[in-house]
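Below are the chains, spelled out letter by letter.
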Amino acid sequence: MKLIKLDAIDSTNDFLKSLNNQEQLGNFTMVTAENQTKGKGQRGTSWNSEVGKNLILSVLIKDFISSNEHVFNLSVISSLAVISVLEQWNIPNLSIKWPNDIMSYNKKVGGILIENTLKSGGTISSIVGIGLNVNQKDFESLPKASSLAVICNKEFDKFLLPELIVTQMQELINEWKTQSESLWKIYFNKLFKKGIPMPFKNQQQKTFMGIIVGVTPFGQLQVQLEDDSVASFDIKEIQMLF
């Protein structure tokens, strides 16, 4: 695994994507940065990180996704890889807030953004961006966020994380060939607030109650509504209120 370390960059995802277009990079090439000025999150949001305190990582994944129908499989792999490493570090009460935010208790400690590119010949190349709050302690303007250091009351060596996470991703990708159903079940069992009545908000800003009952193979969240029907939602169609 090749690791490219940067002091500062606008976006590690954009940097790795551009580099992959310019030269032939090996699978699982990694890019980290101490500072990222234009980090991206889900729904077009930004990802802000205190300089030098957290993990900012992008990973190139090739030869895993074979079609657009399988895109969400990489979200499952990536989320489970991060959760597995954090469990080894004894981070408590971990869960995945659909589709791939990493939670400890009710606080967000990490997020994953995956960007896919259709290459010539029909292959799909993916950049997995992982942001993980490690040693940052000031979240005054982010009441729903926290870090490993705050939750565990100690600091961690963030430089160990890239290789640990990517090694776990490699292992899960290999397991996927024969154990995809089991990995999907683990992902579902790790879902934040599954099976609990929760308020949601739709695109029309209307609030409604629902219960998370599953995730479709295409990555849509399945929510049981108050009339007992089950509706499926894409990432931009629904927001959990908690």
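For the structure itself, consult the block above.
Predicted model, so just to flag it, every value in this text is computed and none were measured.

Chemist: Would you take a moment to explain the pairing of strand S2 (residues 30–36) for this structure?
Modeler: Working note: regular strand, side chains alternate between the two faces of the sheet. Within S2, five of the seven residues are buried, which leaves it mostly tucked inside the rest of the structure. The handedness of the strand S1 (residues 3–9) to S2 crossover, carried by helix H1 (residues 12–22), is right-handed.

Chemist: What is the right way to read the pattern of salt bridges from this model?
Modeler: A pair can form between side chains of opposite charge whenever their charged atoms are brought close. One pass over the full model with this rule turns up five salt bridges. Linking Lys 108 and Asp 101 is a salt bridge whose minimum nitrogen-to-oxygen distance equals 3.4 Å. Judged by relative accessible area, Lys 108 falls into the partly exposed class, the value being 24%.

Chemist: What is the right way to read unusual backbone geometry from this model?
Modeler: With omega at 0°, the peptide bond leading from Trp 98 into Pro 99 counts as cis. By secondary structure assignment, the location of Pro 99 is in the loop between strand S4 (94–97) and strand S5 (101–104). Of note, the phi angle at Asn 90 is positive, near 65°, even though the residue is not glycine. Relative to the elements of secondary structure, Asn 90 occurs in the loop between helix H2 (71–88) and S4. A relative accessible area of 63% means that Asn 90 is categorised as exposed. The phi dihedral of Asn 153 is positive, around 60°, even though this residue is not glycine.

The rules behind each value
- Residues numbered from 1 in each chain as written.
- Predicted model: local features only at pLDDT ≥ 70, side-chain atom pairs only at ≥ 80, totals over all residues.
- Heavy atoms only, no water.
- Buried < 20%, exposed > 50% of the residue type's maximum accessible area, 1.4 Å probe, protein only.
- Helix = DSSP H or I, 4+ residues; strand = E, 2+ residues; numbered from the N terminus.
- Right-handed = clockwise from strand over helix to strand, strands pointing away.
- Salt bridge = Lys/Arg side-chain N within 4 Å of Asp/Glu carboxyl O.

Scope: geometric values only; no functional claims are made or implied.
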